[in-house]
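Structural overview for review
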Amino acid sequence: NAGVTQTPKFQVLKTGQSMTLQCAQDMNHNSMYWYRQDPGMGLRLIYYSASEGTTDKGEVPNGYNVSRLNKREFSLRLESAAPSQTSVYFCASSDPTSGIPHEQYFGPGTRLTVT
Amino acid sequence: AQSVAQPEDQVNVAEGNPLTVKCTYSVSGNPYLFWYVQYPNRGLQFLLKYITGDNLVKGSYGFEAEFNKSQTSFHLNKPSALVSDSALYFCAVRANQAGTALIFGKGTTLSVSS
């Protein structure tokens, strides 16, 4: 199993450009998440998808959109990139059962720079 | 609102000495608590979790954590630190309002010197 994979690993954008970050998991997990990591701020939840067909906003959703394409894939889109979106983005997945939270499995991250 | 605090940005210990990374939380209802570790340029790796039951939880790489409900703490411990334990450590609590999403602390950098 590859676990959680993310593409690309690195990206540089100019202000106003758009891009989509891709995430896929092969663990048959129901729930998937997008976080951003900034120095001194830990990880902050952007969007999550509790199950296929559903998405919900997290703590910092502004400027982002998501698509849960199928059970395996959960993409994050920046429609008009801003320098404030320079960050490291992590995708994660988990398989909660009967309301008991399981640990989340994280991808390797995408390092995004917006100039 | 649910939150988690890691009061120390950095913890320095000598190899072979015990280490503690502190975490306190605020949550309504029963907390679900987690510790993750992040090595440079890598994603987060799960270390251990407290859901219910025994307050002392054992995890990967010899780490353990103790749930203390009265002090709302979930400190991470290891009896004998290794240089290879040097990394960024995150405590997290389940956010009930957001389904199964987690709220993370800001992280504590552990540096173990030889």
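Residues numbered from 1 in each chain as written. Chains lettered and ligands numbered in written order. Predicted model: local features only at pLDDT ≥ 70, side-chain atom pairs only at ≥ 80, totals over all residues. Heavy atoms only, no water.

1. As for the overall build of chain A
To keep things clear, this is the line we draw: The helix count covers DSSP runs of H or I at least four residues long, the strand count covers runs of E at least two residues long, and both are numbered beginning at the N terminus. Values of the radius of gyration come from C-alpha atoms, whereas the globule rule sets the reference at 2.2 Å times the count of residues to the power 0.38. Partly exposed residues are those whose accessible area sits between 20% and 50% of the maximum for their type, while under 20% is buried and over 50% is exposed, using a 1.4 Å probe and protein chains only. The contact definition used throughout considers only heavy atoms, calling two residues in contact when any of these lie within 4.5 Å. The Shrake-Rupley method, run with a 1.4 Å probe sphere, supplies the accessible areas, and residue values consider only the shown protein chains as cover.
In terms of helices and strands, chain A carries zero helices and eleven strands. A compact globule built from 115 residues would reach a C-alpha radius of gyration of about 13 Å, and chain A, at 13 Å, matches this within 12%. Projected onto its principal axes, the C-alpha coordinates of chain A cover approximately 45 × 25 × 25 Å. When burial is assessed residue by residue, chain A has 47% of its 115 residues classed as buried. The long-range share in chain A, meaning contacts at least 24 apart out of those at least 6 apart in sequence, stands at 55%. As presented, chain A carries roughly 5,300 Å² of accessible surface, and 49% of it is formed by carbon and sulfur atoms.

2. Here's the deal with the state of the cysteines
Basically, it comes down to this: Pairs of cysteine sulfur atoms within 2.5 Å are identified as disulfides in what follows.
In the structure shown here, the tally under the stated rule is two disulfides over all chains. The disulfide partner of Cys23 of chain A is Cys91 of chain A, and the gap between their sulfur atoms is 1.9 Å. Here the S-S torsion is close to -75°, and the disulfide linking Cys23 of chain A with Cys91 of chain A is therefore left-handed. Linking Cys23 of chain A in strand E3 (residues 19–25) with Cys91 of chain A in strand E9 (residues 87–94), this pair joins segments that are 68 residues apart in sequence. Residue classification places Cys23 of chain A among the buried positions, given a relative accessible area of 3%. The exposure class of Cys91 of chain A is buried, given its relative accessible area of 0%. Disulfide pairing places Cys23 of chain B opposite Cys91 of chain B at an S-S distance of 2.0 Å. Between Cys23 of chain B and Cys91 of chain B the disulfide shows an S-S torsion of about -65°. By sign, it is left-handed.

3. A short note on the interface of chain A and chain B
Definition in use: Throughout, the accessible surface (probe 1.4 Å) given up by two parts as they are put together, summed over both, is called the buried area. Counted as salt bridges are all cases of a side-chain nitrogen of Lys or Arg within 4 Å of a carboxyl oxygen of Asp or Glu. Ten residues, namely Ala, Val, Leu, Ile, Met, Phe, Trp, Tyr, Cys and Pro, are considered nonpolar, four, namely Asp, Glu, Lys and Arg, are considered charged, and the remaining ones, Gly among them, are considered polar.
Residue-level contacts link 23 residues of chain A with 22 residues of chain B. Overall, the association of chain A and chain B removes approximately 1,700 Å² of surface from exposure, summing both partners, and the carbon and sulfur fraction of that is 58%. Across the salt bridge formed by Lys49 of chain B and Glu103 of chain A, the nearest N and O atoms sit 3.1 Å from each other. Among the secondary structure elements, those contributing two or more residues to the side of chain A that touches chain B are strand E4 (31–38), strand E5 (42–49) and E9 of chain A. A class-by-class count of the residues in the side of chain A that touches chain B yields twelve nonpolar, nine polar and two charged.

4. Considering the pairing of strand E7 (residues 64–68) of chain A
Residues and elements named next belong to chain A. Going by this rule: Only strands joined by at least two bridges in the DSSP assignment are considered to pair.
Only one face of E7 is covered, namely the one carrying Tyr64, Val66 and Arg68; the face carrying Asn65 and Ser67 has none of its residues buried. In this structure, E7 lies alongside strand E8 (residues 74–78), joined through five bridges in antiparallel fashion. Bridging from a neighbouring strand, Val66 pairs with Leu76 of E8. Linkage of E7 to E8, two consecutive antiparallel strands, is achieved through a turn of five residues.

5. Comments concerning the pattern of salt bridges
All names here are of chain A. Considering all chains together, one arrives at six salt bridges over all chains under this definition. With a shortest N-O distance of 2.8 Å, Arg44 and Asp38 are connected by a salt bridge. With relative accessibility at 16%, the residue Arg44 sits in the buried group. When salt bridges with common partners are traced through the structure, they connect Arg36, Asp38 and Arg44 into a single cluster.

6. Digging into the layout of surface pockets
Stated formally: Cavities and pockets are defined on a 1 Å grid built over the protein atoms alone: a cavity is a set of grid points where a 1.4 Å probe fits but cannot escape, while a pocket is an open set with protein on both sides within 12 Å along at least five of seven lines, and lining residues are those with an atom within 4 Å of any such point. Grid points are joined across faces, edges and corners, and a volume is the space filled by probe spheres set on the points.
Its volume calculated, the largest pocket comes out at about 480 Å³. At the level of elements, E4, E9 and strand E11 (110–114) of chain A together with strand E10 (87–94) of chain B are the ones that each hand at least two residues to the lining of the largest pocket. Of all the elements, E10 of chain B adds the most residues to the lining of the largest pocket, at three residues. Looking at the lining of the largest pocket residue by residue, the classes come out as eleven nonpolar, nine polar and six charged.

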